[in-house]
Amino acid sequence: MIRPARSGELPVLSALIAASITALCRADHHDDPERIRPWVASHSPMALAAILHDPEQRLFVAEPDGIVAVGGIDWRHQPDGQGRIRLLFAAPGAQGKGCGRALLAALEEELRALGRVEARLTASNTALAFYRRQGWQTDDRGGGWLLGHPLHKRLI
């Protein structure tokens, strides 16, 4: 089941993201604490609360049997008709079980429902193949704060 995140879940979501970054994103941080620390800190409960309470952002969870993935979208500072996948993380034990794919599809659908015809994201090295399998393509316009791979997808 995919549903909106709730305020009381923010510590759990932050811990899930920290576990995902630490255990699954080694191709990006190479187990370097100086790379892991700011990435995890940028997904603190306070940072997630800012997303949850911003009217131009949404935060969702996948929970077949407890929360196993979290994803977020925004359309702040985006050109008309565009949105952004802000984050998507799966718990280490949930990787490869379809929850991330289902959550990504729900995030794309939410952007469509908001009238967005194109979406962008910056993929980590770890997630690049996943996004490409979901139809995302290289975007030569540049990425976000994370050194990664800028991608885009037409939503209609």
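This write-up is about the structure you can find in this document. This one's a predicted model, so the numbers in the text were calculated from it and none came from an experiment.

Strand order in this open sheet of seven strands is E1-E2-E3-E4-E5-E7-E6, and the pairing throughout is mixed. The strands lining the two open edges of the sheet, one partner per strand, are strand E1 (2-4) and strand E6 (137-138). By the bridge criterion, three bridges tie strand E4 (residues 82-90) to strand E5 (residues 118-123) in an arrangement that is parallel. Following the sheet pairing, Gln82 is matched in E5 by Glu118.

Right, let's get into the packing of aromatic side chains. In the structure shown here, the tally under the stated rule is two aromatic pairs. Between the aromatic rings of Phe130 and Tyr131, the centroid separation amounts to 5.1 Å while the plane-to-plane angle is 65°, which identifies the pairing as edge-to-face. The pair Phe130 / Tyr131 is uniform in exposure class, with both members buried. A ring pair is formed by Tyr131 and Trp136, whose centres lie 6.2 Å apart and whose planes are at 70°; its orientation type is edge-to-face. Joined through ring pairs, the aromatic side chains of Phe130, Tyr131 and Trp136 make up one cluster.

The next point concerns the nonpolar core. Core analysis: the largest hydrophobic core is formed by 44 residues, its most contacted members being Leu59, Val70 and Tyr131. Residue contacts for Leu59: discarding those within four places in its chain leaves Pro4, Ala5, Leu10, Leu13, Leu48, Ile51, Leu52, Val70, Gly71, Gly72 and Leu87.

A word on the pairing of strand E2 (residues 57-62). By the criterion of burial, E2 is predominantly enclosed, with five of the six residues buried. Where E1 and E2 come together, three bridges link them in antiparallel fashion. Bridged to Arg3 within E2 is Val61. Here E2 runs beside strand E3 (residues 69-74); their pairing, made up of six bridges, is antiparallel. Residue pairing across strands places Phe60 opposite Gly71, the latter belonging to E3. Where E2 folds back onto E3 in an antiparallel hairpin, the turn is made up of six residues, including Gly66, whose phi is positive at roughly 95°.

Analysis parameters
Residues numbered from 1 in each chain as written. Predicted model: local features only at pLDDT ≥ 70, side-chain atom pairs only at ≥ 80, totals over all residues. Heavy atoms only, no water. Pairing = 2+ DSSP bridges. Helix = DSSP H or I, 4+ residues; strand = E, 2+ residues; numbered from the N terminus. Phe/Tyr/Trp six-rings, centres within 6.5 Å; stacked < 30°, edge-to-face > 60°. Buried < 20%, exposed > 50% of the residue type's maximum accessible area, 1.4 Å probe, protein only. Core = buried A, V, L, I, M, F, W, Y, C linked by side-chain atoms within 4.5 Å. Contact = heavy atoms within 4.5 Å.

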